[in-house]
Amino acid sequence: RKEVEQDPGPFNVPEGATVAFNCTYSNSASQSFFWYRQDCRKEPKLLMSVYSSGNEDGRFTAQLNRASQYISLLIRDSKLSDSATYLCVVNKTALIFGKGTTLSVSS
Amino acid sequence: IAGITQAPTSQILAAGRRMTLRCTQDMRHNAMYWYRQDLGLGLRLIHYSNTAGTTGKGEVPDGYSVSRANTDDFPLTLASAVPSQTSVYFCASSAGSGTGDEQFFGPGTRLTVL
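Not measured: the values here are computed from a predicted model. (Residues numbered from 1 in each chain as written. Chains lettered and ligands numbered in written order. Predicted model: local features only at pLDDT ≥ 70, side-chain atom pairs only at ≥ 80, totals over all residues. Heavy atoms only, no water.)

> Let's hear about the side chain of E43 of chain A: which residues, and what values?
For E43 of chain A, the location among the structural elements is in the loop between strand 4 (32–38) and strand 5 (44–50). Although E43 of chain A is buried, it forms no salt bridge, and the closest oppositely charged side chain is K45 of chain A at an N-O distance of 4.2 Å. Ignoring any residue separated from it by four or fewer positions in sequence, one finds E43 of chain A in contact with R37 and Q38 of chain A together with F90, F105, G106 and P107 of chain B. (Helix = DSSP H or I, 4+ residues; strand = E, 2+ residues; numbered from the N terminus. Buried < 20%, exposed > 50% of the residue type's maximum accessible area, 1.4 Å probe, protein only. Lys, Arg positive; Asp, Glu negative; His and termini not counted. Salt bridge = Lys/Arg side-chain N within 4 Å of Asp/Glu carboxyl O. Contact = heavy atoms within 4.5 Å.)

> Requested: an account of the state of the cysteines, with residues and values cited.
Applying the stated rule across the entire model yields two disulfides over all chains. Here C23 of chain A connects covalently by a disulfide to C88 of chain A, the sulfurs 2.0 Å from one another. When the S-S torsion is -80°, as for the bridge of C23 of chain A with C88 of chain A, the disulfide is left-handed. Taken together, the residues C23 of chain A in strand 3 (residues 19–25) and C88 of chain A in strand 9 (residues 84–91) connect sequence positions 65 residues apart. Residue C23 of chain A is classed as buried on the basis of its relative accessible area, which comes to 1%. With relative accessibility at 0%, the residue C88 of chain A sits in the buried group. A sulfur-sulfur distance of 1.9 Å marks the disulfide that ties C23 of chain B to C91 of chain B. (Disulfide = S-S within 2.5 Å.)

> Account for the interface of chain B and chain A, with residues named and values stated.
When the parts come together, some accessible area is lost, and that loss is often what is quoted as the size of the interface. With 17 residues of chain B in contact, the opposing surface of chain A contributes 17 residues. Carbon and sulfur atoms supply 54% of the area that chain B and chain A bury against each other, a total of about 1,400 Å² over both sides. The three residues of chain B that bury the most area against chain A are L43, T99 and F105 of chain B, which together make up 37% of that side's buried surface. Summed over the shared surface of chain B and chain A, the number is three residue pairs in polar contact (both at pLDDT 80 or more). Elements with a minimum of two residues in the side of chain B that touches chain A: strand 4 (31–38) and strand 5 (42–49) of chain B. The element that contributes the greatest number of residues to the side of chain B that touches chain A is strand 5 of chain B, accounting for three residues. Its residues placed into classes, the side of chain B that touches chain A shows seven nonpolar, eight polar and two charged. (Buried area = accessible area lost by both parts, 1.4 Å probe. Polar contact = N/O pair within 3.5 Å; in protein donor to acceptor, adjacent residues only side chain to side chain. Nonpolar A, V, L, I, M, F, W, Y, C, P; charged D, E, K, R; others polar.)

> Just give me the short version of the side chain of N91 of chain A, but keep the residues and values in it.
Position of N91 of chain A among the secondary structure elements: in strand 9. Of the polar contacts made by the side chain of N91 of chain A, one reaches the backbone nitrogen of A94 of chain A; its length is 3.3 Å. Setting aside anything within four residues of it in sequence, one finds N91 of chain A in contact with S30, Q31, S32 and F34 of chain A together with G98 and T99 of chain B.

> Before we move on, can you summarise unusual backbone geometry with the specific residues and values?
A negative phi angle characterises most non-glycine residues, just as the trans form characterises most peptide bonds. Residue and element names in this part refer to chain B. Residue P8 follows A7 across a cis peptide bond; omega there is -5°. At R28, a position not held by glycine, the phi torsion is positive, near 60°. Topologically, R28 is positioned in the loop between strand 3 (19–25) and strand 4.

Set out below in structure tokens:
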């Protein structure tokens, strides 16, 4: 089992749609969890950290289930500008990146 | 404030040549990292440095070396480039080396080894 696995994608959705990305991780000792966003041919940038209690930042909601070793990202009311690749990232002693899920939002 | 800069932006290199990718940050971050990103494989850690004067190996260190003579600079050297080192290389830094520290990435260097 790969250390961090994500939905293969791509996700093609219309503006205004709600879309959810899922991620599982294999190392139960992982301590920190993040979602990074990467635009085409650009560097990754932190979207949000993921906390055990779940956390929300505007249209974005992240959830963590340590028992199931599962992380999710929910995007509500999708915008064209949300089109990007979303990377699930887990940290034990170093950041481990998932391969990413590509989202394309169309008008 | 520039954040993290990398040079060159892109490079085509003949196999067997030596190449140094440069990375400089102006945030006074203690920790710095080098990753490579390949299609279908995601980002993988090559080397890291938790503080000036120290370095460590990541997941894919073979064929690469690093040095950290000061806080700001973290060059990555390919002693004798091979085609399998064709990739996009990202340098990153974080304030600390703790598990919760956000990493900030540079714009990347696209390297092609022929």
